[in-house]
Amino acid sequence: MFVRDRMSSPAVTVRADKSFQDALKLMRDRQFRRLPVVDKKGRLEGIVSERDLLYAAPSSATSLSIWEVQYLLANLHIKEIMTKEVITTTPDTPVEHAARLMATHKIGGLPVVDGRREVVGVITETDIFQTFVEMFASDHPGVRLTLNVPDGKGVLLELCKAIFSLGGSIVSVGSFDGHLPNERGLVVKVRDVNGGRLVSTLDALGEHVVDARDV
């Protein structure tokens, strides 16, 4: 799964010479929290977020009149507010790499650019969450297993054989770091099998079932 499969496209963008009010209205109308800033050719110049706009706006405690505030905001341009050093991704980037970029830099979205640095889309934390939901087959009923297994070859093969021997089929598999260096955690969703029989079979194979539930 790649960024191109999950990004919003075409991207909604804004020009650097637009006003604060233009960007704020666009965000509110389209329910976005960030906008890539582009030049006349659609090439990325920066990014502006809802937080940037809130920081730039006068405080509610200001002594300025409403007319003075409106004048200031009308003359405040995006180029004065935007972040110029932008973390980006590309359409061909694996979606998990984009997620790692967001987590590492604590940002909620990435402009997606092509080889000419033209903005072709945007991928956000919401897109990543939806991917996570689908990968774990949250919309499909079944038995959800959490296991601690040795970090070695052939473990998943033996697990699959045990499930198939009971007539079950695997809907999804996820792996995560275990509590010990030589251990892995697995989350497996299985359908068409009795949960009790499955746990008994896996226990007999020496697999450590941490949790089993019908979902």
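On a predicted model such as this, the values are computed, not experimentally measured, just so you know.

Draft legend 1. Representation of the sheet that holds strand β3 (residues 44-49). Sheet architecture is open: 3 strands sit in the order β1-β2-β3, paired in mixed fashion. In the strand order of this sheet, the two ends are held by β1 (14-15) and β3, each with one partner. Looking at chain direction, strand β2 (residues 34-38) and β3 are connected through 5 bridges and run antiparallel. Its bridge partner lying in β3, V38 is registered against L44.

Draft legend 2. Expanded view of unusual backbone geometry. A cis amide bond links S9 to the next residue, P10, at an omega of 0°. Mapped onto the secondary structure, P10 falls in the loop between α1 (3-6) and β1. A positive phi angle, close to 65°, is found at R117, a residue other than glycine. Topologically, R117 is positioned in the loop between β4 (109-113) and β5 (119-124). The phi dihedral of A137 is positive, around 50°, even though this residue is not glycine.

Draft legend 3. Region of the structure containing the nonpolar core. Core analysis: the largest hydrophobic core is formed by 17 residues, its most contacted members being L145, L147, L159, V188, V190, L198 and L202. Put simply, the parts of the chain that give this core at least two residues each are β6 (143-150), α7 (155-165), β8 (183-191) and α8 (195-204). Sequence-distant contacts of L198, that is, excluding residues within four places in its chain, are made with L145, I163, L166, V190 and V193.

Draft legend 4. The arrangement of the pattern of salt bridges in detail. Tallying each qualifying case throughout the model produces 12 salt bridges. The salt bridge involving D39 is made with R43; its shortest N-O contact spans 3.1 Å. Here R43 falls in the partly exposed class, since its relative accessible area comes to 34%. Residues E158 and K161 are paired through a salt bridge, measuring 3.9 Å at the closest nitrogen-oxygen approach. With E158 and K161 both in helix α7 and 3 residues apart, the pair spans about one turn of that helix. Here the residues in one salt-bridge network are D114, R116 and E118, joined through shared partners.

Draft legend 5. Focus on the pairing of β3. Across the 6 residues that make up β3, a large majority, 5, are buried. Taking the residues that link successive antiparallel strands as the turn, the β2-β3 hairpin has 5 residues, and the phi of G42 there is positive, at about 85°.

Draft legend 6. Inspection of the sheet that holds strand β7 (residues 169-177) at higher detail. Sheet architecture is open: 4 strands sit in the order β7-β8-β6-β9, paired in antiparallel fashion. The strands lining the two open edges of the sheet, one partner per strand, are β7 and β9 (208-214). The average undirected angle you get between the axes of adjacent strands in this sheet is 20°. Bridge count between β6 and β8: 8 bridges; the pairing is antiparallel. Bridge pairing in β8 links P150 to E183. The sheet strands contacting α7 are β6, β7 and β8, and the helix crosses β7 at an angle near 150°.

Draft legend 7. Structural context of the packing of aromatic side chains. Counted under the stated rule, the structure contains 1 aromatic pair. Between the aromatic rings of F132 and F136, the centroid separation amounts to 4.8 Å while the plane-to-plane angle is 45°, which identifies the pairing as tilted. A residue is classified by how much of its surface remains accessible, and F136, at 24% relative accessible area, is partly exposed.

Draft legend 8. Just helix α5 (residues 95-105), in detail. Where α5 is concerned, the buried positions are V95, A98 and M102. Axial view of α5: buried residues confined to an arc of 60°, hence all on one face. In this structure, α5 carries R100, A103 and T104 as exposed residues pointing more than 90 degrees from its buried face. Packed against the buried residues of α5 are α1, β4, β5 and α6 (125-135). Downstream of α5 by a residue or two, K106 has a phi angle that is positive, lying close to 55°.

Thresholds applied
Residues numbered from 1 in each chain as written. Predicted model: local features only at pLDDT ≥ 70, side-chain atom pairs only at ≥ 80, totals over all residues. Heavy atoms only, no water. Pairing = 2+ DSSP bridges. Helix = DSSP H or I, 4+ residues; strand = E, 2+ residues; numbered from the N terminus. Core = buried A, V, L, I, M, F, W, Y, C linked by side-chain atoms within 4.5 Å. Buried < 20%, exposed > 50% of the residue type's maximum accessible area, 1.4 Å probe, protein only. Contact = heavy atoms within 4.5 Å. Salt bridge = Lys/Arg side-chain N within 4 Å of Asp/Glu carboxyl O. Axes fitted to C-alpha atoms, helices over the stretch in contact; angles between N-to-C directions. Phe/Tyr/Trp six-rings, centres within 6.5 Å; stacked < 30°, edge-to-face > 60°. Arc of directions from axis to C-beta.

Worth remembering: the numbers are spatial, not functional.
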